[in-house]
Amino acid sequence: MDNKAMDEIESLTERYWHEFFADINEFDTVELYEAAKIVFLQVACDWVGVSLEDEDLETRAKQISDLYESPAELGIQHWKGRKSRSLVEDWIQELIEGVRNGEIEADKDRALYQFAMHKDLDGKLLDAQIATVEILNLIRPINAISVWVAMMGLALHEHKEEAGKLKGASLEQLEWFIQEVRRYYPFFPVAVARVALDFEWQGYEFKEATLTLLDLYGTNRHPDDWSRPEEFSPERFKGWQQTPFNFIPQGGGSYDFGHRCAGEFITIVVMRTTLDFLVNHLEFEVPDQDFSFEYNDIPAVPNDKVKIKPTRLK
């Protein structure tokens, strides 16, 4: 995820948003959340070297989104997520095996080829199932940025004064806005884990196997770290000094040794490029709809998925 890779992801994001809305008829209603799933699937697959030429984009995007929409579900929705994971893994594993047997010509600089052909110290190829999961671990999280795009659309609607400042704004100002979206709105409201070993922290005892919740949403609004935390104010990020633990929309600590998502760099680039597209390259109307969402949903998405009616693509 060096600068060259980030530039490519930025370019792919811009390209696929333009292509998506170029195919939309004037005044058709678009669910921004669902649109983002399709756009980001294309971005992710291009980046890792997976061809979507023969794929039904909507079907694949839905299958992959089931993986991050179903982890906290019970019953039918839970099993739907498990079925989708099986279907997606079968698809990726066929690609892995196709690269290995020469049926698929893959770009040697892309993750698909590198993971498929990776060998251990004994010269053995990586287990096909492991390679499959690792490819999916790149595609799925990029697709999941669509949740943040839904919240970004909500922020543009709810905070029109701040949104009005974004016309022709610098990359830095765009980034202030998306960081405030990530602070102000929940994605996963909490992170869930079980204690691995007994320990004590600030007088609290944590026993092995205890189910423990890390309050991501509350930490990002804690008054000890944030002034006027209930106010949506992108300019709070002007000159802001981040620590590994005061801003944790994608986990806390360091990327190397903590539980912080290494893909946070990609999230910021994709969100910033998407915001620039929405405010500077697309004119749209926002119809009446239900913008409410449940804070205990994982992920949290507005009920009507942020509907827009595009009127002009610039």
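Here, every reference points to the structure presented above.
The notes below deal with the structure included here. (Residues numbered from 1 in each chain as written. Predicted model: local features only at pLDDT ≥ 70, side-chain atom pairs only at ≥ 80, totals over all residues. Heavy atoms only, no water.)

1. Notes on empty space enclosed by the protein
- One pass over the structure, following the stated rule, counts one cavity of 30 Å³ or more.
- By volume, the largest cavity amounts to about 50 Å³.
- Every residue along the wall of the largest cavity is listed here: W148, R182, Y185, P186, F187, F188, P189, L216, Y217, N220, I248 and P249.
- Looking at side-chain class alone, the lining of the largest cavity contains ten nonpolar, one polar and one charged residues. (1 Å grid on protein atoms, 1.4 Å probe; cavity = no way out; pocket = protein on both sides within 12 Å on 5 of 7 lines; lining within 4 Å. Points joined across faces, edges and corners; volume = space filled by probe spheres on them. Nonpolar A, V, L, I, M, F, W, Y, C, P; charged D, E, K, R; others polar.)

2. Things to note about the sheet that holds strand β6 (residues 282-285)
- Strand order in the open sheet made by the three strands is β1-β7-β6, with antiparallel pairing throughout. With partners counted over all chains shown, the strands left at the sheet margins are β1 (30-31) and β6, one partner each.
- Examined bridge by bridge, β1 and strand β7 (residues 307-313) share two bridges and lie antiparallel to one another. Opposite E31, over in β7, you have K307 as the bridge partner. (Pairing = 2+ DSSP bridges. Helix = DSSP H or I, 4+ residues; strand = E, 2+ residues; numbered from the N terminus.)

3. Quick notes on a nonpolar patch on the surface
- A surface patch of nonpolar side chains, amounting to about 290 Å² of accessible area, comprises M1, Y255 and F265.
- Mapped onto the fold, F265 is located in helix α10 (residues 264-280). (Patch = residues over 30% accessible without salt bridge, like charges linked within 9 Å, V, L, I, M, F, W, Y side chains within 5 Å. Areas by Shrake-Rupley, 256 points an atom, 1.4 Å probe, with all protein chains shown as cover. Salt bridge = Lys/Arg side-chain N within 4 Å of Asp/Glu carboxyl O.)

4. Concerning the pattern of salt bridges
- A full pass over the atoms with the stated rule returns 22 salt bridges.
- Measuring nitrogen to oxygen at the nearest pair gives 2.6 Å for the salt bridge that ties K62 to D66. Of the two residues, K62 and D66 both sit in helix α3 (residues 57-69), four residues apart, roughly one turn of that helix.
- By relative accessible area, K62 is classed as partly exposed at 32%.
- Across the pair R272 and E175 runs a salt bridge, and its minimum N-O distance is 3.1 Å. (Buried < 20%, exposed > 50% of the residue type's maximum accessible area, 1.4 Å probe, protein only.)

5. Comments concerning the side chain of R183
- Structurally, R183 is set in helix α8 (residues 171-184).
- The exposure class assigned to R183 is buried, which follows from its relative accessible area of 0%.
- A polar side-chain atom of R183 sits 2.8 Å from a polar atom in the side chain of E180.
- When near neighbours in sequence (up to four residues on either side) are disregarded, R183 contacts N220, R221, W226, P229, E231, R236, F237 and F247. (Polar contact = N/O pair within 3.5 Å; in protein donor to acceptor, adjacent residues only side chain to side chain. Contact = heavy atoms within 4.5 Å.)

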